[in-house]
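The residues making up each chain are set out below.
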Amino acid sequence: MLSVALRTLRTRWATFTGSFVALSLGVALLTVTGLALASSATAPQRAPERFAAAPVVVKSQDVLRVPAPTGDRESRLAHPRPVPAATVAALRRLGRVVADRSFAVHAPAAPSDLVGHPWSTAAFAPYDLASGRSPRTAGEVAVTGDWARPGMRLHTDRGPVRVVGTLTSRDFENAVFFTDARAAQLAPSLTQLVVEADPAAVRQAVGDRAQVLTGTARRLADADPGRDGEALTAMNSLFGTAGGVTAFVSVFVVASTFAFAVAQRRREFALLRTAGATPGQIRRTVLTEALAVGTLASAAGCALGSHAAPRLAAWTVGNDLAPAWFTIGDHTWPYHAAFWTGLLVALCGATAASWRAGRTGPTEALREAAAETRTITRGRLLSGTALLLTAAVTLGLSLADDPSDLLHRKTYISRPMLLITATALFSPLLLRPLTRLLTWLPGPCALLVRENTAAGMRRTAALAAPVLVTVALAGSLLGATATLNRAQATETSERTTAAFVLTPPAGTGFDDAALRRLRAVPGTQMSPTSSTSVHVLEDGVALIRSEARAAAPGALAATTRLPLTAGAVSDLDDDSIIVNEEWQRHRVGDRVRVWLGDGTPRTLRIAAVMPTGTGDHGVYVTPRNAPGATVDRIDVALTADADPKTVATALHQALGTGKGQVLTRDAWIRATHPETNRTTRLGLLLVLGIALLYTGISVANTMVMATSDRMRDLAVLRLAGATRWQVLRLTGAEALTVVAAGALLGLLVAAVNLAGMASALALLSAPAAIELPWQALGTTTALCALVAVTSALAPAALALRRRPAELAGVRE
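Residues numbered from 1 in each chain as written. Predicted model: local features only at pLDDT ≥ 70, side-chain atom pairs only at ≥ 80, totals over all residues. Heavy atoms only, no water.

## A word on the overall build of the chain
Of regular secondary structure, the chain possesses 24 helices and 23 strands. Going through the 812 residues of the chain one by one, you find that 50% of them count as buried. Considering only contacts within the chain whose residues lie at least 6 apart along the sequence, 80% involve residues at least 24 apart. Of the roughly 36100 Å² of accessible surface on the chain, a fraction of 59% belongs to carbon and sulfur atoms. (Helix = DSSP H or I, 4+ residues; strand = E, 2+ residues; numbered from the N terminus. Buried < 20%, exposed > 50% of the residue type's maximum accessible area, 1.4 Å probe, protein only. Contact = heavy atoms within 4.5 Å. Areas by Shrake-Rupley, 256 points an atom, 1.4 Å probe, with all protein chains shown as cover.)

## Points about unusual backbone geometry
In this structure, Pro126 follows Ala125 across a cis peptide bond, with omega equal to -5°. Summarising the element assignment, Pro126 is placed in the loop between β6 (114-118) and β7 (129-132).

## Things to note about the packing of helix α3 (residues 85-92) against helix α5 (residues 199-206)
The N-to-C vectors of α3 and α5 enclose an angle of 155°; their axes lie 9 Å apart at closest approach. Considered as vectors, α3 and α5 are oriented roughly antiparallel to each other. In the crossing of α3 with α5, the sense of the turn from one axis to the other is right-handed. Between α3 and α5, the residues in contact are Thr87, Ala90 and Leu91 and Val202, Ala205 and Val206, respectively. (Axes fitted to C-alpha atoms, helices over the stretch in contact; angles between N-to-C directions. Parallel < 35°, antiparallel > 145°, perpendicular 65-115°, else oblique. Left-handed = near helix turned anticlockwise from the far one by under 90°.)

## Considering a nonpolar patch on the surface
Among the surface-exposed residues, Val21, Leu693 and Ile697 lie close enough to one another that they form a single nonpolar patch of about 210 Å² accessible area. Taking the relative accessible area as the measure of exposure, Leu693 reaches 46% and is therefore partly exposed. (Patch = residues over 30% accessible without salt bridge, like charges linked within 9 Å, V, L, I, M, F, W, Y side chains within 5 Å. Salt bridge = Lys/Arg side-chain N within 4 Å of Asp/Glu carboxyl O.)

## Here's the deal with the nonpolar core
Formed by 87 residues in total, the largest nonpolar core has its most connected members in Val249, Leu473, Tyr694 and Leu761. With 16 residues, the single largest contributor to this core is helix α15 (residues 457-495). Those residues in contact with Leu473, other than ones at most four positions away along the chain, are Val245, Val249, Ile420, Leu478, Leu688 and Ala691. By size, the runner-up hydrophobic cluster in this structure holds 18 residues, among which are Phe510, Leu515, Met526 and Val662. (Core = buried A, V, L, I, M, F, W, Y, C linked by side-chain atoms within 4.5 Å.)

## Digging into the sheet that holds strand β12 (residues 192-196)
Judged by pairing direction, the sheet is antiparallel, and its 4 strands sit side by side in the order β4-β12-β1-β13 without closing on themselves. Edge positions in the sheet fall to β4 (96-100) and β13 (210-213), since each of these pairs with one other strand and no more. Shown here is a sheet whose adjacent strand axes are inclined to one another by a mean of 25°, direction ignored. Here β4 pairs with β12 via 5 bridges, running antiparallel. Its bridge partner lying in β12, Val97 is registered against Val195. (Pairing = 2+ DSSP bridges.)

## Some remarks on the side chain of Glu538
Considering the arrangement of structural elements, one finds Glu538 in strand β15 (residues 524-538). Here Glu538 is buried and forms no salt bridge, its nearest opposite-charge partner Arg585 lying at an N-O distance of 9.0 Å. In this structure the side chain of Glu538 is engaged in a polar contact, spanning 2.9 Å, whose partner is the backbone nitrogen of Gln584. For Glu538, the contacting residues outside a window of four places in its chain are Ile544, Glu582, Trp583 and Gln584. (Lys, Arg positive; Asp, Glu negative; His and termini not counted. Polar contact = N/O pair within 3.5 Å; in protein donor to acceptor, adjacent residues only side chain to side chain.)

## A closer look at the packing of aromatic side chains
Under the defined criterion, the tally for this structure stands at 5 aromatic pairs. Measuring from ring centre to ring centre gives 5.9 Å for Trp119 and Phe177, while their planes differ by 90°; the resulting arrangement is edge-to-face. With Trp119 in the loop between β6 and β7 and Phe177 in strand β11 (residues 174-178), the pair connects residues that are 58 residues apart, well separated along the chain. Exposure remark for Trp119: the relative accessible area of 24% places this residue in the partly exposed category. An aromatic cluster of at least three residues, connected via ring pairs, comprises Trp119, Tyr127, Phe172 and Phe177. (Phe/Tyr/Trp six-rings, centres within 6.5 Å; stacked < 30°, edge-to-face > 60°.)

## Some words on the environment of Ala107
Mapped onto the elements, Ala107 comes out in the loop between β5 (103-104) and β6. Along the primary structure Ala107 and Thr156 are separated by 49 residues, whereas in three dimensions their C-alpha atoms are 4.4 Å apart. Contact partners of Ala107, with chain neighbours within four places excluded, come to His155 and Thr156.

## Details of helix α22 (residues 724-763)
Each α-helix winds once per 3.6 residues, and so residues spaced three or four apart point in a common direction. An ideal rise of 1.5 Å per residue puts 58 Å on 40 residues; α22 measures up with 59 Å between its terminal C-alpha atoms. Looking one or two residues past α22, Ser765 carries a phi angle of roughly 65°, positive in sign. (Expected span 1.5 Å × (residues − 1).)

## A closer look at the environment of Gly145
Structurally, Gly145 can be placed in the loop between β8 (140-144) and β9 (153-156). Distance from Gly145 to Asp171, taken between C-alpha atoms, is 9.7 Å for residues 26 residues apart in sequence. Sequence-distant contacts of Gly145, defined by excluding residues within four places in its chain, comprise Thr166, Leu167 and Ser169.

## Observations concerning the pairing of strand β20 (residues 601-610)
Two faces make up the sheet, and in a regular strand the side chains alternate between them. Summarising the sheet, strand β17 (residues 566-567) and β20 pair through 2 bridges and their orientation is antiparallel. Directly across from Ala566, in β20, lies its bridge partner Val609. As paired elements, strand β18 (residues 576-580) and β20 share 5 bridges and run parallel to each other. Across the sheet, the residue bridging to Val579 is Val609, located in β20. Looking at chain direction, strand β19 (residues 591-595) and β20 are connected through 5 bridges and run antiparallel. From the neighbouring strand, Trp595 faces β20, where its bridge partner is Pro601. Between β19 and β20, which pair antiparallel one after the other, the connecting turn spans 5 residues, and Gly599 there sits at a positive phi close to 95°.

## Notes on the confidence of the model for the chain
The predicted coordinates of low-pLDDT regions are not to be read in fine detail. In the predicted model, the chain carries a mean pLDDT of 83, and the fraction of residues at 70 or more is 89%. By mean pLDDT, the top-scoring element of the chain is β8 (95), and the lowest-scoring one is helix α10 (residues 362-370) (51). (pLDDT = per-residue confidence, 0-100.)

## Considerations on the environment of Val56
Mapped onto the elements, Val56 comes out in strand β1 (residues 56-60). Using a relative accessible area of 1% as the deciding quantity, one classes Val56 as buried. The spacing of Val56 and Arg218 is 162 residues in sequence and 7.6 Å in space, taken between C-alpha atoms. Excluding anything up to four places from it in sequence, Val56 contacts Leu193, Val194, Val195, Ala197, Pro199, Val202, Val212, Leu213 and Thr214.

## Some remarks on the pattern of salt bridges
For the structure on display, the rule yields 20 salt bridges. Where Glu74 meets Arg65, a salt bridge forms, and the shortest distance between an N and an O atom there is 3.0 Å.

## Observations regarding the packing of helix α13 (residues 427-438) against α22
The interhelical angle for the contact between α13 and α22, taken along N-to-C directions, is 120°, at an axis separation of 10 Å. Between α13 and α22, the angle is such that the two are oblique. As α13 packs across α22, the resulting crossing turns out to be right-handed. Between α13 and α22, the residues in contact are Ser427, Leu430, Leu431, Leu434, Thr435 and Leu438 and Thr737, Ala740, Ala741, Leu744 and Leu745, respectively. Here the contact of α13 with α22 is composed, by residue class, of 8 nonpolar, 3 polar and no charged. (Nonpolar A, V, L, I, M, F, W, Y, C, P; charged D, E, K, R; others polar.)

## Let's talk about helix α16 (residues 512-519)
Among the residues of α16, those classed as buried are Ala514, Leu515 and Leu518. End-on, the buried residues of α16 take up no more than an arc of 100°, which puts them together on one face. Turned more than 90 degrees away from the buried face of α16 sit Asp512 and Arg516, all of them exposed. (Arc of directions from axis to C-beta.)

## Examining the pairing of strand β14 (residues 500-503)
Alternating positions in β14 separate into two faces, Phe500 and Leu502 on one and Val501 and Thr503 on the other, with burial throughout. The pairing of β14 with strand β22 (residues 631-638) spans 3 bridges and is classified as antiparallel. When the bridges of β22 are listed, Phe500 appears paired with Val636. Pairing of β14 with strand β23 (residues 661-664) involves 4 bridges; the strand directions are antiparallel.

Structure representation (structure tokens):
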């Protein structure tokens, strides 16, 4: 049987080329995502940036540590306490102390991420003057980069200033340096400082009241020291998702392609059985062929993946999906994982397809080689039923136990795969009535399309499978984010009752003077609120951080309609808190121990409870329980006799130019409409791009295999009197019909998945209509149709250039 297998490979090289291409591409994609995932496991050790030349940095405690039975739990504080004045005084006795302050600065034509510092800290980066001089008065600044020059005047949100010097650029920030006195006025809170003294003496003077950073630990005083860890988490999520979807799509399509390639050869198996071959010999022949093709294709895929992985890394860095240091490392396990996965899939696909042919008798096999008599096998029916029941049971359990689980990205990415696989297994049953529906029009072309797709249902299912997968994934992933965004927008609209919403420039807040001017505007009722956080230890082991807003209860009730399941907003006071149902304890009247944004422990009474909704809505406390928080939003309600236009004009005047925005309710809702952030959007496009690329090649590959196998059918049509154009039109119509059927099944899968999400939102008191991404679905289907029609017409057109009688004699 080995010689038979090798001769078959040589004779039917065109059929095995299709399987080779599908498998090698799948292994290449697995290799690429595996290498990317392995390379994103660790980050290089980043050296100190702003304080590279500083001997010792003292930084306030910005991490909350709470003892728990299984060890301390940590969480980042929203408002670290300033370094105590007594500690600063003790440090000044040890040596020179330089106070460091950081605050956002906004100005026209300036970088959007401009940050201010006192001039004396510039030496610790170190920054060097490129032109001009250092600032000496409150109205003078020095800036980094080439966007400004000495003598330029800037109208910043911190007041007008004149640039007197420029400094060499550093890639970690865009900075503007004020005099030390002016910086202290703009940012009075002192949370870190540089000490020129012996580190041991500094540690003794500080004790546990602050952090003492030396050596590489000084990087913790840089802006956003955890960005590398956050980048690793984001990259692991991105490449893990891409790898999971790639594995699913490639395994799905490769198995389908191998199964179709074997199903095409039932006539050969029939002849071998008639000649005396046993079922075991046929299965061993097919496995030998699959082993040979799988080994070569997997090796080729690994080689292709090794060249494609660096290009993926460069693309992610170029699109800011990965930090500049990200490169593909020297890892070997992704090659092993991809190679053996590809080989296993090839063997499994060939085994499953050959089992039925091997166990049939010679006469039955000959009959089935001419026409397919069974729509679906028992094993396929049982497997599809099992997967469908599993999907239904897991969905029901999630809805009953924790509906919010269906809103998580990893859930709405992984859950559709069960339903996609189940639908694909049932596709021979579903495609027959679907193709009949699509070809209901009278006429010979529609009749032939209908009968050809019904007679070759395995071929139809193999062609529809990759289209089904891609459309279902596009609809499920993009539809899930759109549905969730719409639900969040609806929540914002229902909660906001204020006529106007005022916001300061990003990274800043409203000072007391601005608040006094705004409160003096007649015909208004103000509700200033601040962003903060509250921490709670649940089950004694998990320290949960909840985003919070601090507001006065009366003003909050006048400008915001909080959805409550129990309690009342008016019950909020300095000894209570409004929580949501995500909290483990959320019964009105219960007391919970919490830690405020600066780490202060408090025991507060639950005054009211909000529903979970779309999640991450945080909690509400009074301003007294938000130490260190600045007002970053003001909701403005109007009195009955107030004129909106007059009030809007007065608010603009009271706020001042460049000090923030005055938005109407509708404008605020539009401005805060949730949009999928750029990183998530590009990540989803990467995942869908991989699926679409693989689908396109698989559709082309399978279509060429299917069309080449039907040369005699085309010859019969020509001999019956059909013109070359009529045969090509029929071939293209069949391809379009199969793509349309696969797209409709994919749309059905996406709709069912999104219906599950909509049910979860309804249970969470955030009902939303299903949002299907019609543009993406239409584009995906159109591309699949273009590839399918082109791949069907090209080999058919070449074949039809020969005479019909010659074409009818072509050996299969």
